[in-house]
Amino acid sequence: MRRPRDRHQRREPRSAITGPFLPLTTTRELRFVDAVTDAAGYVRELWREELQGVSFKCADLPEQSNVDEDGRVPLWTVDRAAREIVVYRLVYQRFLAPGLEDEWQERFAAEGAVFRATAEYLGKDPWEVAPDRFRHG
């Protein structure tokens, strides 16, 4: 049996470039967006009615108008009128302490941002938003 060929008569790749035993390549940006998306899906399931129509977004940095008079950069913004929660990726990735730069801790920070921003949107305590998320057993 002949292997399929492309229009230049080259054989098509047999498997992923990274091979069957190596993880697929990813970027910090994709990992952050995945963590925010997963956490947003989790809180949407818990707060279905309250978050109906609310969009969760990732952005690199906030607009200059969102920086307060002391120069503090927000980690997220909540816009109830637009029904939108935006988490800022570079704020987390650039300002994490040097000891907190592994993938797990970045994911934990992204999820925490979603939970705290959702709590702000709902007017609740962050621990109320996802009470079972960090419990063992």
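Note that the structure is a prediction, hence the values are computed from the model and not measured.

Draft legend 1. Seen up close, the pattern of salt bridges. Under the counting rule described, the total for this entry stands at 8 salt bridges. Two residues, Lys57 and Glu84, come together in a salt bridge whose shortest N-O distance is 2.7 Å. Of this pair, Lys57 sits in strand E1 (residues 55-59) while Glu84 sits in strand E3 (residues 84-88), and the two are 27 residues apart along the sequence. When its relative accessible area of 39% is taken as the criterion, Lys57 is described as partly exposed. Note that Asp70 and Arg72 form a salt bridge whose closest N and O atoms lie 3.3 Å from each other. Classification of Arg72 by relative accessible area gives exposed; the value is 52%. Three or more residues joined by partner-sharing salt bridges are found here, namely Asp38, Arg107 and Glu111.

Draft legend 2. Quick look at helix H3 (residues 103-122). End to end, H3 covers 29 Å across 20 residues, agreeing with the expected 28 Å (1.5 Å per residue, within 8%). Note on H3: the residue one or two positions beyond its end, Gly123, has a positive phi of about 75°.

Draft legend 3. Representation of the sheet that holds E3. Taken in spatial order, the 3 strands line up as E1-E3-E2 in an open sheet, and their pairing is mixed. With partners counted over all chains shown, the strands left at the sheet margins are E1 and strand E2 (76-79), one partner each. The average undirected angle you get between the axes of adjacent strands in this sheet is 15°. Where E1 and E3 come together, 5 bridges link them in parallel fashion. Note that in E3 the partner of Cys58 across the bridge is Val87. In the packing of helix H1 (residues 28-46) onto the sheet, contacts are made with E1 and E3, and the angle to E1 comes to roughly 165°.

Criteria and cut-off values
Residues numbered from 1 in each chain as written. Predicted model: local features only at pLDDT ≥ 70, side-chain atom pairs only at ≥ 80, totals over all residues. Heavy atoms only, no water. Salt bridge = Lys/Arg side-chain N within 4 Å of Asp/Glu carboxyl O. Helix = DSSP H or I, 4+ residues; strand = E, 2+ residues; numbered from the N terminus. Buried < 20%, exposed > 50% of the residue type's maximum accessible area, 1.4 Å probe, protein only. Expected span 1.5 Å × (residues − 1). Pairing = 2+ DSSP bridges. Axes fitted to C-alpha atoms, helices over the stretch in contact; angles between N-to-C directions. Contact = heavy atoms within 4.5 Å.

All quantities given are derived from atomic positions and should not be read as evidence of function.
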